[in-house]
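# Survey of secondary and tertiary structure
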Amino acid sequence: MSEIRGRNYINGQWQETAETFESLNPSDTRETVGVFPKSGKEEAQAAVAAAKAAYPEWKRVSRVKRGEYIDQLAQLMKRDIDEMTELCAREVGKQWNESYADVIESIHMAQFVAGYSRQPDGYVVPSEVAAKDAYIIRKPKGVTTCIAPWNFPFAIPLWEVLPAVVEGNTCTLKPSPFSAACGYKLAQLFEEAGFPKGVVNVLQGWGAEVGEALVQHPDTRLILFTGSYAVGQEIQKFVATDPMKFAACEMGGKNQVLVLEDADMDIAVPAAVMSAYKTSGQRCVAADRILVDRKREAEFTEKFLAASKRMKIGDATRKDVFTGPMVNEQGREKYEKHNAAAREEGFEILLEGGRLTDEGREHGYFVSPFVYRGEYKPGSWVLNEEAFSPHVAIIPVDGLDHAIQVHNEVPYGLAGAVITEDYRNWRECREELEVGLLYVNLPSIGAEVHLPFGGMKRSGNGHPGAATLIDYVTHRTAFTVNHDREIQMAQGLSAEV
Ligand code: NAD
């Protein structure tokens, strides 16, 4: 395939920078997917200025009309499903079917937001004073920065950009440098959909260079961030110093599947396999820990290990593999660091994972599953930090209460799954597990755009992504009108002057 020559999209213009970076195919790094601008402060300033200039007019465009641009975007994505799927698989190494699902999710997001543009945008509320009409009206927050990770290269940017623009904000999207070609494709679609200039800008580059400059720009009012806890935490710290800024941060996870004593193993095993290994464990909702009732541990482990060994790992563009490679060398090193820590902390290694360099995989970042077991150890580094790779702990637990206790000791709280046949068990989990997404008799993965997607504790600061972000991108304002010939106040406050 030919190499893409990507550009920044600022104020409706395509722009280059002196310095560039390459995005490689992680299944075969001999292939350069594209070359992209290495943006910095200067480009961030230009993009924020463009968004600021476009804001006064865009916020006065009818909400329904704004939704129509988004509907047009949905139509264009439908036209380009195959191209986008192929690009996602080539650039970020998500297996073909997972790449397809990412594109479909992007279309769903655009469809949802376009439809939402015709929904009520506020409320009429009663007043104590009969002659007073009171309303809650939502107003945009203003110039927005959207920062996205690489692992859902189409869906997550749209989870952020579309709620922002439908509500009248203008924005700059900064995709991950590991999904630059997918970000460039989105920029091309924003242009073709006809968004007025400056409403959506797309800047390529590295977080520390252009991401930080966008976040810290004094005219940036709203930051919609999805990525690691380390970066999200820094953004939250910065925003705390500036009362003009708001940030919604969706971050990492240390997710768990609970296999209870009464679990149906025909559900437990495939649910655990999907939770642990889809996208080679590089999902924020991937499960690194499987808590298995001790009475079922032997049976579960035997079946889980057999499935782990059977899994087909190969070039992500192939339809017949289960999963592709790690996205980059840093991802592979993180996996190895976690594996080494499991050994050092004295866990029993059940399946030795490592780099895969045979059968044409020598040019990609392929790794095989690593599985270990052991009693729960509070304070263990490896049991508490996100591995973001096919690295899985099996931890025996004694009954539901113990499972819940061990589950809630992790500092993250994104997604969880419970496998049980008893409604009392799943109800207790629903009440007690500290997660933003809970699945019963399902894997810990599987978002739908109209549900909140967000975590607790280190995983999120309380503003879930996708459709529910629509709420966060606006200020709720009170608007009150008196229809009487004299002033009457609430709470019996005298209006005599
Ligand atoms: P990352 O945090 O390294 O990067 C995310 C984005 O932030 C990228 O665009 C990056 O360039 C940018 N960035 C990096 N440093 C920055 C800085 N100083 N200022 C501003 N922007 C900066 O994450 P990643 O490797 O792209 O993605 C993996 C992580 O994202 C995992 O931790 C995963 O769990 C998490 N994630 C969370 C969700 C969620 O919804 N909770 C979804 C997907 C991924």
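Whatever comes next refers back to the structure up there.
Now for a description of the structure that goes with this document. (Residues numbered from 1 in each chain as written. Predicted model: local features only at pLDDT ≥ 70, side-chain atom pairs only at ≥ 80, totals over all residues. Heavy atoms only, no water.)

### Quick look at the pattern of salt bridges
Quick reminder of the rule: Criterion for a salt bridge: a side-chain nitrogen of Lys or Arg within 4 Å of a carboxyl oxygen of Asp or Glu. Each helix is a run of H or I in the DSSP string that is no shorter than four residues. Each strand is a run of E no shorter than two, and both are numbered from the N terminus. Burial here depends on accessible area, computed with a 1.4 Å probe over protein chains only, as a share of the maximum for the residue type. Under 20% is buried, over 50% is exposed, and the range in between is partly exposed.
Counting across every chain of the model gives 38 salt bridges. Two residues, arginine 63 and glutamate 167, come together in a salt bridge whose shortest N-O distance is 3.0 Å. With a gap of 104 residues between them, arginine 63 in helix α2 (residues 63–79) and glutamate 167 in the loop between α5 (155–166) and β9 (170–174) connect regions that are remote in the sequence. A relative accessible area of 9% means that arginine 63 is categorised as buried.

### A short note on the sheet that holds strand β4 (residues 20–24)
The condition is simple: A strand pair is defined by DSSP finding two or more bridges across the two strands. Every residue pair with non-hydrogen atoms within 4.5 Å of one another is taken to be in contact. In this description, a line fitted to the C-alpha atoms serves as the axis of each element, helices being fitted only across the stretch in contact, and the angle between N-to-C directions of two axes falls anywhere from 0 to 180 degrees.
Taken together, the three strands give an open sheet; going across it, the order is β1-β5-β4, and neighbouring strands pair in mixed fashion. This sheet does not close on itself; its edge strands, each paired only once, are β1 (4–5) and β4. Both β1 and strand β5 (residues 32–37) contribute to a ladder of two bridges, which runs parallel. Note on β5: the bridge partner recorded for isoleucine 4 is glycine 34. Docked against the sheet, helix α3 (residues 81–92) engages β1, β4 and β5, running at close to 85 degrees with respect to β5. Along the sheet face, helix α6 (residues 180–193) touches β1, β4 and β5 and points at about 65 degrees away from the line of β5.

### Some details on the environment of phenylalanine 366
For phenylalanine 366, the location among the structural elements is in the loop between β15 (348–351) and β16 (370–373). Sequence spacing of phenylalanine 366 and valine 92 is 274 residues, and the spatial spacing of their C-alpha atoms is 12 Å. Look past the residues within four positions of phenylalanine 366 in its chain and what remains in contact with it is Ser27, Ile313, Gly314, Asp315, Gly324, Pro325, Arg332, Gly354, Arg355, Leu356 and Arg361.

### A closer look at the packing of helix α1 (residues 41–58) against helix α7 (residues 207–216)
Between two packed helices, the angle of one axis relative to the other and the distance separating the axes together describe the packing. Threshold: In this scheme, roughly parallel covers angles under 35 degrees and roughly antiparallel covers those over 145, while 65 to 115 is roughly perpendicular and the rest are oblique. In this scheme the crossing of two helices becomes right-handed for a clockwise turn of the near helix relative to the far one and left-handed for an anticlockwise turn of less than a right angle. All residues other than Ala, Val, Leu, Ile, Met, Phe, Trp, Tyr, Cys, Pro, Asp, Glu, Lys and Arg, Gly among them, are scored as polar; the first ten of these are nonpolar and the last four charged.
Where α1 contacts α7, the axes come no closer than 8 Å and their chain directions differ by 40 degrees. Comparing their axes, α7 and α1 come out oblique. Regarding α1 and α7, the two cross each other, and that crossing is right-handed. Here Lys41, Ala44 and Val48 of α1 lie close against α7, whose contacting residues are Val210, Ala213 and Leu214. For the contact of α1 with α7, the residue count by class is five nonpolar, no polar and one charged.

### Re the site of the ligand
Inclusion rule: Note on definitions. A residue lies near a molecule or strand when any single heavy atom of the residue is within 4 Å of it. Counting of polar contacts relies on pairs of N or O atoms within 3.5 Å, with two restrictions inside protein: one atom must be capable of donating a hydrogen and the other of accepting it, and residues adjacent in sequence are counted only when both atoms are side-chain atoms. A 1.4 Å probe and the Shrake-Rupley method give the accessible areas. Residues count as covered only by the protein chains that appear here.
The full set close to the ligand counts 26 residues, and Ala148, Lys174, Ser228, Met251 and Glu386 are the nearest of them. Interatomic distance of 2.9 Å between a side-chain N/O atom of lysine 174 and an oxygen atom of the ligand. Contact between the ligand and glycine 227: an oxygen atom at 3.4 Å from a main-chain N or O atom of the residue. The fraction of the free accessible surface of the ligand (850 Å²) that becomes covered by protein chains is 87%. Ranked by residues supplied to the shell around the ligand, first place goes to α7 with three residues. For the shell around the ligand, the residue count by class is 14 nonpolar, eight polar and four charged.

### Examining the nonpolar core
The nonpolar side chains of a soluble globular protein tend to be buried, and buried together. Convention followed: To define a nonpolar core, start from buried Ala, Val, Leu, Ile, Met, Phe, Trp, Tyr and Cys residues and group those joined through side-chain atoms within 4.5 Å. An automatic or database domain assignment is the source of the domain bounds shown.
Counting 98 residues, the largest nonpolar core has Leu162, Val165, Phe190, Phe195, Val259, Phe300 and Phe304 as its most contacted members. Both domains that furnish three or more residues to this core are identified here as domain 1 (4–251 + 460–479) and domain 2 (255–440). Other than its neighbours up to four places away in sequence, phenylalanine 190 contacts Leu73, Leu158, Val161, Leu173, Phe195, Val200 and Val202. Of all hydrophobic cores here, the second largest spans 26 residues; its members include Tyr335, Ala341, Val406 and Cys429.

### Re the sheet that holds strand β22 (residues 474–482)
In spatial order, the strands read β6-β7-β22; together these three strands make up an open sheet with antiparallel pairing. Looking at the sheet topology across the chains shown, the edges are occupied by β6 (122–125) and β22. Each neighbouring strand pair of the sheet contributes to a mean axis angle of 20 degrees, computed without reference to strand direction. Examined bridge by bridge, strand β7 (residues 132–140) and β22 share nine bridges and lie antiparallel to one another.

### Let's talk about the pairing of β7
Examined bridge by bridge, β6 and β7 share four bridges and lie antiparallel to one another. Note on β7: the bridge partner recorded for valine 124 is tyrosine 135.

### Let's talk about the side chain of asparagine 328
When you line up the elements, asparagine 328 lands in the loop between α10 (297–310) and α11 (329–344). A distance of 2.8 Å separates a polar side-chain atom of asparagine 328 from the backbone nitrogen of glycine 331. Discounting chain neighbours no more than four positions away, the residues touching asparagine 328 are Phe178 and Tyr365.

### Some points on a nonpolar patch on the surface
We apply this condition: Patch membership requires over 30% relative accessible area and the absence of a salt bridge. Like charges are linked within 9 Å, and nonpolar side chains (Val, Leu, Ile, Met, Phe, Trp, Tyr) within 5 Å.
Taken together, the side chains of Ile487, Met489 and Leu493 present a nonpolar region at the surface, about 310 Å² in accessible area. Note that isoleucine 487 resides in the segment after β22.

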